[in-house]
Amino acid sequence: MAEEAEGRVDLPPTPGSEQQAPHFLQDVIFHGKFKLLKALTPQESTLCQHGLFFLDGQRRVDYVLSYPSKKPSSGRSGRQATHLLTENAVARSLRRGPHSRGQHNPHHQAQRAKDPSGADVELGCPETLNGHEDQKILRREEFEGKLKDMGLELEKDEETKISGVSFVKIHAPWNILCREAELMKLKMPTKKVYEVKQLRGVVEKISSLVSKVVEPLHPQVEEHQQKNIKHLSHTFSREKQHLFDLSDKDYFFDSKTRSSIVFEILKRTKCKAKYSMGITSLLGNGVYTAAYPLHDGDINEECAVPNDRKLLYEEWANYGVFYKYQPIGLVRKYFGEKIGLYFAWLGLYTQMLIPASLVGVIVFLYGCATVDDNIPSMEICSTGNNITMCPLCDRVCSYWNLSSACATARASHLFDNPATVFFSIFMALWAAMFMEHWKRRQMRLNYEWDLTGFEDEEDHPRAEYELRVMQKSTNKDQKAQHKIEKLTCQDRLPAYTTNIVMMLLMIGVTFAIVFGVILYRISTKAALYMSSNPVTRNNAQLTVKTTAAIINLVVILILDEVYGAVARWLTVLEVPKTDKSFEERLIFKTFILKFVNAFTPIIYIAFFRGRLVGRPGSYLYVFESYRMEECAHGGCLMELCIQLSITMLGKQLIQNNLFEIGVPKLKKLIRYIRSKQGAFQEEERKKKLQRYETDHFLEPFAGLTPEYMEMIIQFGFVTLFVASFPLAPLFALLNNIIEIRLDAKKFVTELRRPVAARAKDIGIWYNLLRGVANVAVIVNAFVISFTSDFIPRMVYQYMYSPDGSMHGFVNNTLSYFNVSHFQQGKEPMEPLYLGQPVQTCRYKDYRDPPWSTTPYEISKEFWAVLAVRLAFVIVFQNVVMLMSDIVDWLIPDIPKDISLQIHKEKILLVDLFLKEEQGKAGNLQHRSSMEGNENWSNNNNKHTNSTNSL
């Protein structure tokens, strides 16, 4: 290796050597150092062995393409393939000359075609292939040739340890990185640094004290160390390279930026087949099987070289550090801004759940503490009242005492008490504060990550869109060929029609399943009441509620997967132009379907169950045999709480955790089995896989849509029906503490490294959060008004109670029914079940008694309660939204210190460019004065010579 270093020093300067280390072939060919071929093999070079660099050990692998290959049965060693590849590379280098590397050669493909041996190695062709495989090879060869024409450097590895898979390693040299960084308008740190303004006075002391207290909660990474200075950033420009610190060009562009630059080139490069094909189409047609950047290194080995991935695994993707803050700066550095913003949002959401959980627990404890003092519950549990209730179902159900519903009434008070109204208002304000806090956090991250002024550029058209446009243009006359075609609304009309029909059909399927569960509850309850076992009869209500909630959960989990696939299929039919448009349309459809799927059963219980029942003697029936179900005497709020808790906890435990852990591991196992690893010899198994081979077994990154979607649905559970389930924020908090580390572990260990994507916000997800928060105010208003007994209690206490207390409330809410008015065949089979004949029974409703002039008609109290309920909805909604707007107005979107720093950066940038222009003007003036002096001296000399000659 010492000889190699000396060889590099003695190399004459070439156009490519100014930007990067010389290619090892130049040392071999022009300096006779053939030992380098052996010294830099993967078995003896640590860097090459892990597959992070080319075989020369100098050029970093920025991107990897994999493709299927057929290998001879005898097989060749990786060493032999390396020598063959090297010989062909030597031949090509000799033909091009020592100074042609890195330059565009228009005859490159022609020379490659003339070299049969070189073409054979580059293509990786088996000796006999069918026509389909030949087409794939030709497209690969054409695409890789265009990548080389774009300036990228490629190296193939066809003799890998993975059977049937070959790899193309891609490296972007310095001049290509500079060119693309300028085109992509990347902001890079300049040499200019400035001091970040620090807090002063009492605020500084308080901040310092808080920092010392929470110091153990910070991860041990550099990003969380306070820095008083910051580099001034500016859009990269090749003409202004002197402004940037280029002392270490190998690390000026980090691995995240390098891979994103290469991916941009891959998207822009097309190969012409039947139609223009980019990397997406090539992957879809099987020309390539995968395309991905590499992870930085290993994480589990003790001897692994320190890298960002290993640091993330130790300080972030670890359940043992669940109590620590996330290293968001390091996450952004490794995965990019888009993924960094997701984890920053998830971390802030989890932090904001802490106060919501505390208040929810206090509300629940308040219900527990006051349950013994609740007068309505005491009246229900009192055996002295001896109130006989009407049967809950026809024939098989008999009369029952109200005191038997004592446990349900006491449990309902835990969630239906005056504190829940306060908690609903609190959660509405909490949602507004969370949204404002996130906007401020987002602006701070934009400043720290140099995203201020960043605007989303228009993406490249998707391959499917280009194909449809090309098909449309070929169907038209030749005269219109010169016009730029695009897909119009008329072209997409069949797709739009299909979307509307399918969306309505899927929503109809959800309603049908909910209706099926209703029939299950009705029939099962009747069957359980027919049982001769008294325990079964007594627990029939609880059994039916719990099993129906579990059935709903299973159906929701299944339909979630179905609806996700349907939404993607419908989005593909629309053929959106760009990836951003595709993602937004997919998110919207998926959200609508999954939101309806998750909340339809809950909405039915909250607002419809028990209101479409009728009355004794005139019940409503489904299919003329199934009587519509009614709520227990404690109200539907308890049943709503059961349904909400089972659905929320089940989705979090099964879908969000077990699926996220098990599915990637299962797919990884299947991919490992398909690669026929078991057919390897024992010594082959022991060989260490290269980095790109190891990453090949990882699960491809499928986007952030599933991660955001599950959190948005959870946000709905936390805010929409929080009046009925104040413990929802607590369960969401416990889930998210695990979710953060689970997602982190998945990104670091289970997924291929995603291509870094720039983003300054979370996009359409913020609008969905806003929408859910606004709908939550209306939903909670209706839950308090119509689902709970809060309004009837208030109306009774202040309008009908003789002493202004709650005594007599239960009796006031019950109406009378004469049992002789039962329809023929609907009366109980055991009228003497309670041991005595029954003349009248009671049922929950506001109706006139049978002895009045208008028997069984709706009473005036019903209309009074209804008017108060509607008035409460209007007042609650407007007051809460007004308070939310006040919170929005009081909290500025941009923190004051960040606004000042952004303004300061603009002034410093202006000063920097003014000094640069002044320096250029001074140099020009000095140069012109020097030229003027030279001209004057020349003229003076001429005049002197002419005088002397005279």
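The numbering scheme is per chain: residues are counted from 1 as the chain's sequence reads. pLDDT decides what is reported in this predicted model: residues at 70 or higher carry local features, side-chain atom pairs at 80 or more are listed and counted, and totals for whole chains, interfaces and linings draw on all residues regardless. The side-chain figures draw on all heavy atoms in the structure; neither hydrogens nor water molecules are used.

A.B. asks: I'd like a rundown of the overall build of the protein chain, residues and numbers included.
C.D. replies: Helix and strand assignments come from DSSP, with helices taken as H or I runs of at least 4 residues and strands as E runs of at least 2, each series counted from the N terminus. Across its full length, the protein chain carries 34 helices and 16 strands. Residue exposure (1.4 Å probe, protein chains only): buried if accessible area is under 20% of the type maximum, exposed if over 50%, otherwise partly exposed. Out of the 950 residues in the protein chain, the part that is buried amounts to 49%. Any two residues whose heavy atoms approach within 4.5 Å are treated as being in contact. Put simply, 79% of the contacts in the protein chain that link residues at least 6 apart link residues at least 24 apart. Surface accessibility in these figures is a Shrake-Rupley result with a 1.4 Å probe; residues are shielded only by whichever protein chains are displayed. Summed over all atoms, the accessible surface of the protein chain reaches about 47,000 Å², with 59% contributed by carbon and sulfur.

A.B. asks: Account for the sheet that holds strand β1 (residues 63-68), naming residues and giving values.
C.D. replies: Taken together, the four strands give an open sheet; going across it, the order is β2-β3-β1-β8, and neighbouring strands pair in antiparallel fashion. The sheet terminates laterally at β2 (153-157) and β8 (290-292), the two strands that pair on one side only. Within this sheet the neighbouring strands show an average axis-to-axis angle of 20°, counted without direction. A strand pair is defined by DSSP finding two or more bridges across the two strands. Strand direction decides the pairing type here: β1 and β8, joined by three bridges, are antiparallel. Bridge pairing links Leu65 to Ala291 in β8. To obtain each axis, a line is fitted to C-alpha atoms, and for helices this fit is confined to the stretch in contact; angles are then taken between N-to-C directions over 0 to 180 degrees. Set on the sheet, helix α12 (residues 255-268) makes contact with β1 and β3 (165-171); between it and β1 the angle comes to about 50°.

A.B. asks: Go over the environment of Leu890, please, and point to the residues and values.
C.D. replies: Considering the arrangement of structural elements, one finds Leu890 in helix α33 (residues 860-890). In this structure the C-alpha to C-alpha distance between Leu890 and Glu436, which are 454 residues apart in sequence, comes to 9.7 Å.

A.B. asks: Residues and numbers for the packing of aromatic side chains, please.
C.D. replies: The criterion for an aromatic pair is that two Phe, Tyr or Trp rings (for Trp, the six-membered ring) have centres within 6.5 Å, with stacked assigned to planes under 30 degrees apart, edge-to-face to planes over 60 apart and tilted to the rest. With the rule as written, the count across this model stands at 48 aromatic pairs. One Lys or Arg, Arg627, reaches over the ring of Tyr619 and ends 3.6 Å from the middle of that ring. Just above the ring of Tyr334 sits the side chain of Arg753; from NZ or CZ to the centre is 3.9 Å. In this analysis the charged atom, NZ for Lys or CZ for Arg, is taken to sit over a ring once it is within 6 Å of the ring centre and within 35 degrees of the ring normal.

A.B. asks: Just give me the short version of the packing of helix α16 (residues 337-370) against helix α19 (residues 418-448), but keep the residues and values in it.
C.D. replies: One can describe the packing of α16 onto α19 by two numbers: an axis separation of 10 Å at closest approach and a directional angle of 160°. One finds that α16 runs roughly antiparallel with respect to α19. Both α16 and α19 take part in a crossing whose hand is right-handed. Note on residue categories: nonpolar means Ala, Val, Leu, Ile, Met, Phe, Trp, Tyr, Cys or Pro, charged means Asp, Glu, Lys or Arg, and polar means any other residue, Gly included. Partitioning the contact of α16 with α19 into residue classes produces 22 nonpolar, three polar and one charged. Put simply, angles under 35 degrees are roughly parallel, angles over 145 are roughly antiparallel, angles from 65 to 115 are roughly perpendicular, and the rest are oblique. It is the rotation of the near helix from the far one that decides the hand of a crossing: anticlockwise by less than a right angle makes it left-handed, clockwise makes it right-handed.

A.B. asks: An account of unusual backbone geometry is needed here, citing residue identities and associated values.
C.D. replies: With a phi close to 60°, Asp450 is a non-glycine residue in the positive phi region. Examined against the element boundaries, Asp450 turns out to sit in the loop between α19 and α20 (463-474).

A.B. asks: I'd love a proper account of the environment of Pro494, names of residues and values included.
C.D. replies: Note on placement: Pro494 falls in helix α21 (residues 489-529). On the basis of relative accessibility, which here comes to 53%, the residue Pro494 falls in the exposed class. Taking the C-alpha atoms as reference points, Pro494 and Glu574, separated by 80 residues in sequence, lie 8.7 Å from one another.

A.B. asks: Could you give me a rundown of the pattern of salt bridges, with the residues and numbers involved?
C.D. replies: Salt bridge criterion: a side-chain nitrogen from Lys or Arg within 4 Å of a carboxyl oxygen from Asp or Glu. Following the criterion strictly, the structure yields 36 salt bridges and no others. A salt bridge links Glu264 to Lys267, with the shortest nitrogen-to-oxygen separation between them at 3.9 Å. One end of the pair, Glu264, and the other, Lys267, are both in helix α12, three residues apart, so they sit about a helical turn from each other. Between Glu436 and Arg770 there is a salt bridge, with the nearest N and O atoms lying 3.1 Å from each other. Placement of the pair is Glu436 in helix α19 and Arg770 in helix α30 (residues 764-787), with a sequence separation of 334 residues. A relative accessible area of 0% places Glu436 in the buried class. The class of Arg770 is partly exposed, set by a relative accessible area of 24%. Each of Glu436, Lys439, Arg770, Asp888 and Asp893 takes part in a single network of salt bridges with overlapping partners.

A.B. asks: Break down empty space enclosed by the protein for me, citing the residues and quoting the values.
C.D. replies: Of the grid points, spaced at 1 Å and generated over the protein atoms alone, those admitting a 1.4 Å probe that cannot get out make up cavities, while open sets with protein on both sides within 12 Å along at least five of seven lines make up pockets; any residue with an atom within 4 Å of a point is treated as lining. Grid points are joined across faces, edges and corners, and a volume is the space filled by probe spheres set on the points. Applying the stated criterion across every chain yields a total of nine cavities of 30 Å³ or more. Approximately 70 Å³ is the volume found for the second largest cavity. Lining the second largest cavity we find Leu52, Arg60, Val61, Asp62, Ser255, Ser259, Pro293, Leu294, His295, Asp296 and Arg753. Considering only residue class, the lining of the second largest cavity consists of four nonpolar, three polar and four charged.

A.B. asks: Give me the state of the cysteines: which residues, what numbers.
C.D. replies: Note on terminology: pairs of cysteine sulfur atoms within 2.5 Å are recorded as disulfides. Within this structure, the stated rule accounts for three disulfides. Linked covalently through their sulfurs, Cys381 and Cys406 form a disulfide whose S-S length is 1.9 Å. Residues Cys381 and Cys406 are joined through a disulfide that is right-handed, its torsion about the S-S bond being 90°. Note that Cys381 is positioned in helix α17 (residues 375-381) and Cys406 in helix α18 (residues 406-415), a separation of 25 residues in sequence. A relative accessible area of 22% means that Cys381 is categorised as partly exposed. Here Cys393 connects covalently by a disulfide to Cys397, the sulfurs 1.6 Å from one another. Given an S-S torsion of about 85°, the disulfide between Cys393 and Cys397 has right-handed geometry. On the basis of relative accessibility, which here comes to 9%, the residue Cys393 falls in the buried class.

A.B. asks: A description of the packing of α19 against α33 should follow, citing residues and the corresponding values.
C.D. replies: How two helices pack is summed up by the angle between their axes together with the distance between the axes. Contact geometry of α19 with α33 gives a least axis separation of 9 Å together with a crossing angle of 30°. Considering the angle they form, α19 stands roughly parallel to α33. You can see that α19 and α33 cross each other, and the crossing is right-handed. In this structure, α19 uses Val421, Ser424, Ile425, Ala428, Leu429, Ala432, Met433, Glu436 and Lys439 to contact α33, whose residues at the interface are Phe872, Phe876, Val880, Met883, Ser884, Val887 and Asp888. Here the contact of α19 with α33 is built from residues that sort into eleven nonpolar, two polar and three charged.

A.B. asks: Residues and numbers for α21, please.
C.D. replies: A rise of 1.5 Å per residue sets the reference length of α21, with its 41 residues, at 60 Å; its end C-alpha atoms lie 58 Å apart and thus fit the reference within 8%. Bend angle per residue: angle between axes fitted to the 7 residues ending at that residue and the 7 residues starting there. If you look at α21, its biggest bend is around 30°, right at Ala495. Expected helix span is taken as 1.5 Å per residue step, with the number of steps being one fewer than the number of residues.

A.B. asks: Report on the side chain of Ser724, specifying residues and quantitative values.
C.D. replies: Looking at where Ser724 falls in the secondary structure, it is placed in the loop between α28 (705-719) and α29 (728-750). On the basis of relative accessibility, which here comes to 0%, the residue Ser724 falls in the buried class. The definition of a polar contact used here is a pair of N or O atoms within 3.5 Å, where within protein one atom must be able to donate a hydrogen and the other to accept one, and adjacent residues in sequence count solely through side-chain atom pairs. Of note is the side chain of Ser724, whose polar atom sits 2.8 Å from the backbone oxygen of Phe721. Ser724 has contacts with Phe415, Leu637, Leu640, Cys641 and Leu644, leaving out every residue within four places of it along the chain.

A.B. asks: Please set out the confidence of the model for the protein chain residue by residue, giving values where relevant.
C.D. replies: A low pLDDT means the predicted coordinates there should not be read in detail. Scored from 0 to 100, pLDDT reflects the predictor's confidence in each residue. Here the protein chain averages 78 in pLDDT, while 79% of its residues score no lower than 70. Within the protein chain, α16 carries the highest mean pLDDT (93), whereas helix α7 (residues 116-123) carries the lowest (35). Counting interchain partners and residues more than four positions distant, the pLDDT-below-50 stretch residues 72-129 has 73 contacts.

A.B. asks: I'd like to hear about α16, residue by residue, with values.
C.D. replies: Because an α-helix completes one turn every 3.6 residues, residues spaced three or four positions apart along the sequence face the same direction. Under the 1.5 Å per step criterion, the end-to-end length of α16 is 50 Å for 34 residues, consistent within 8% with the ideal 50 Å. Residue Ile354 marks the point of greatest curvature in α16, where the axis turns by about 25°; the proline Pro355 follows within four residues.

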